[in-house]
Amino acid sequence: MRVRMAVGAATWDDLLDGEEAAHVETLPATESRTAPLPENLHSGLREALPFPTLYVHQRKAFDVAARGDHLILATGTASGKSLGFNLPVLDRIAREPKSRALYLYPTKALAQDQARALAELHAPNVRAAIYDGDTPGERRWQIRKWANVILTNPDMLHVGVLPHHDRWADVLHNLRYIVVDEAHVYRGVFGSHVGNVLRRLRRLAQVYGAEPQFLMASATIANPGELAQSIAGVEATVIEDDGAPRAERTILLWNPELLDAELGLRASALGDASKLMADLVSRGLRTICFAKSRKAAELIHRFTVQRVDDEVAKRLAPYRAGYTPAQRRNIERRLVDGELLGVAATDALELGIDIGLLDCAISVGFPGTVASLRQQWGRAGRRGHGLAVLVASEDALDQYFVREPETLLKRSVEAAILDHANPRVLDGHVRAAAFEAPLDDDDRATLGDEALERAALLPELQLTKNGYVWAGRDYPAGQFGLRSTTPDTFAVVEATTGTVLGIVERERAYSTVHEGAVYLHLGESYLVRELDLQNRTALVTPYNGDYYTQAKKDTNTAIEETLRTERRCGLDLHFGRISVTERVVAYQKKSIRDQSTLETVELDLPETSFETEAIWYVPEPAQLDGLEKMPKLLGTLHAAEHSMIALLPLWAMCDRWDIGGLSTNIHFQTDAPTVFIYDGHSGGVGITERGFNSFEGWVEDTARMLEGCPCTEGCPSCVQSPKCGNLNEMLDKDGALTLLRRMVAASTSAS
């Protein structure tokens, strides 16, 4: 397929002819559908708006909000969702300046962007301010006193607002709206915590006599109504009818040259992305390139600069976490103003920050979900016909997509899943809620029945005539963060500066920050110099070596409770709770260049165990016919487990690093060959249950992925895993494919 697009004399059609162009297609443009501004819109606000009409979804959002209903807007990138939730808020404040609205953003950059947009509207009576960790202490009381639109983030709400609600009495009493933007980000562990933070906020607003209305916005996802219920505990009207126009867009799936079919080695995805970017910006096409890490973004920028002339090089910049707010704002401004031609960015720019009109968007490696990919690609074509590119890595999912493009391009977006009632997440919030106000049966409506059940079991809570109250010391919200299912964590500390880079849950610490491990934080590499088990710290220093590390683990699972069993794909499929016991016994240093093993180092670390959710299945004897002898049996099950884990992110909004697995030729409880795939977070957050519900499609996709991989023995593009506790030993690709094909055949005949 040949496509031509011009900005001036620039074209990209010759790029679509190379051998690396695995798939090209063009999506037609769509026209906008509009509706008039509401007749009852405040006259001062009407005059402030620079346009006479709204898109149909924006108008519907206004009408739903005017009825007093909660709403969630789930429309495409650049469809004007911000105006959809801003208009009802601004109309109320124009009429009632004492009304307050709380805007919640997952990142500080998004809050900055929205504050700018609100200021540019000049809407009547609006006094907007950002309240986050960067807000100076002397400004905080002023904001609480005078701001009627307060922009913040869930972490600040959790630890800086709710425990000190007496200072926020006027805000809470007059709180009319809670705006939750980029709601699809709140999934998994983080989303489960945020679901509890929002319930605590609703409860305190009620204590002060308010019943705020939720206005939410999300990327297009499979379950926006369910997400609204999970995250805020409210029934929300879903608005999905996107009335925004769409320019014509060419989609290019690019697969770097295959250098070694047997090892699955391909040319560098970063190198190919920089070549494409250099080519596009040299033609005057404004381009953004999304990389998965800060280091990758910096490398793509550096490689691109080396490939273009000096004038073009001056108009390129990287964008990532770690820059100062002023540096970021400067890059954003230069993008909007058209000074910059190209930006290599992390997903910090994936969310709804306004970065102006771009022609091309390149994604280096599948970003983990179809929803994220569409967010990134949505940056292309704001000036006209756009080009959206996926440069595939050698990862199994990327290679599956370039071989089976329709599984990516025709696939429905994923469902965002979270579980606010997971006890390991919930308990901290129950303690925090009891500190904020006594807990009693009236709180079931907001916090949920589970919160009251847990309150009765927590020793730090004391039952009084007013309900459960906090009887501990300090305030409990300060004792846990929103990114982990357990307070039992290790701090990762940069040895020379003493800076805390992050925290790691104990059950992950021994395999990721053991002494000698190469630890990645926001795309930067560090070498772990010491793991202090007593003080729970890992001391690290920056690392620029040419190897990475992989831990070897002994893992055992025990079935604690079977919750569901169904006959699926010709076998009994189970879902339930298991306990996972792990012991890290060694690690390997592996060459970045060719994945060869350089050294194996033994470790002596304590055992860890945690409970989580899992699916498990026992193949029928007929499905294992010809595969039942050792070691083929174990290699078959192990390869099936790995390949299914690689494909599960297609069905649940998660990363393969969120999933664990175990396969065994005989399990002590089933007394048969068994495959377990489990949620890697203590307590589980719904990932494997989503897999249980979609088992047939998941198995079919996995079989197709194995069928299409050109290697014979198994490679990183199919059955090898970067996180395998057995260091990718005992993998039988042919056996796994035979087993999965038989499961698919049984599913097809049953239907």
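Heads up: the structure comes first, above all this text.
The paragraphs below set out a description of the structure included in this document. The shown structure was predicted, so the numbers you read here are calculated from the model rather than taken from an experiment.

### Observations regarding the overall build of the chain
Regarding its fold elements, the chain presents 24 helices and 31 strands. Over its C-alpha atoms the chain spans a radius of gyration of 26 Å, differing by no more than 12% from the 27 Å that the globule rule assigns to 751 residues. Counting only C-alpha atoms, the chain reaches 75 × 75 × 60 Å along its principal axes. Classification of the 751 residues of the chain by burial places 60% in the buried group. Counting only contacts in the chain whose residues sit at least 6 apart along the sequence, the fraction spanning at least 24 positions is 72%. When the accessible area of the chain is evaluated, it comes to approximately 29,600 Å², of which 48% is carbon and sulfur surface. In the chain, the 81 positive side-chain charges and the 103 negative ones have mean positions that sit 5 Å from each other.

### Notes on the nonpolar core
Counting residues in each nonpolar core, the largest one holds 105 residues, and the members touching the most others are Leu198, Leu408, Tyr617 and Phe695. With residues near it in sequence (within four places) discarded, Leu198 still touches Leu104, Leu157, Ile178, Val180, Phe214 and Ile231. Listed in part, the 34 residues of the second largest apolar core include Leu49, Tyr105, Leu121 and Val179.

### Some points on the environment of Val493
Locating Val493 in the fold gives a position in strand 21 (residues 489-494). The contact partners of Val493, leaving out residues within four places of it in the chain, are Gly498, Thr499, Val500, Thr537, Ala538, Leu539 and Val540.

### Overview of helix 11 (residues 294-307)
Taking 1.5 Å of rise per residue, 14 residues should cover 20 Å, and helix 11 covers 20 Å from first to last C-alpha, within 8% of that figure. When helix 11 is considered as a whole, its buried residues turn out to be Arg294, Ala296, Ala297, Ile300, His301 and Thr304. Seen from one end, helix 11 has its buried residues packed into an arc of 165°, which puts them on one side.

### Focus: the pattern of salt bridges
Per the counting criterion, the structure on display carries 36 salt bridges. Among the salt bridges present, the one from Arg431 reaches Glu460, with a minimum N-O distance of 3.1 Å. Of this pair, Arg431 sits in helix 17 (residues 423-436) while Glu460 sits in the loop between helix 19 (449-455) and strand 19 (461-464), placing them 29 residues apart in sequence. Residue classification places Glu460 among the partly exposed positions, given a relative accessible area of 27%. The partner of Glu582 in a salt bridge is Lys553, with the nearest N and O atoms 3.5 Å apart. Placement of Glu582 in strand 27 (residues 571-591) and of Lys553 in strand 26 (residues 547-568) is noted, with a sequence separation of 29 residues between them. Considered together, Glu582 and Lys553 belong to a single accessibility category, that of buried residues. Bridged by salt links that share partners, the residues Arg564, Glu566, Arg568, Glu689 and Glu696 form one connected network.

Definitions and limits used
Residues numbered from 1 in each chain as written. Predicted model: local features only at pLDDT ≥ 70, side-chain atom pairs only at ≥ 80, totals over all residues. Heavy atoms only, no water. Helix = DSSP H or I, 4+ residues; strand = E, 2+ residues; numbered from the N terminus. Rg over C-alpha atoms; globule rule 2.2 N^0.38 Å. Buried < 20%, exposed > 50% of the residue type's maximum accessible area, 1.4 Å probe, protein only. Contact = heavy atoms within 4.5 Å. Areas by Shrake-Rupley, 256 points an atom, 1.4 Å probe, with all protein chains shown as cover. Lys, Arg positive; Asp, Glu negative; His and termini not counted. Charge placed at Lys NZ, Arg CZ, Asp CG, Glu CD. Core = buried A, V, L, I, M, F, W, Y, C linked by side-chain atoms within 4.5 Å. Expected span 1.5 Å × (residues − 1). Arc of directions from axis to C-beta. Salt bridge = Lys/Arg side-chain N within 4 Å of Asp/Glu carboxyl O.

By themselves, these observations are geometric and do not establish any function.
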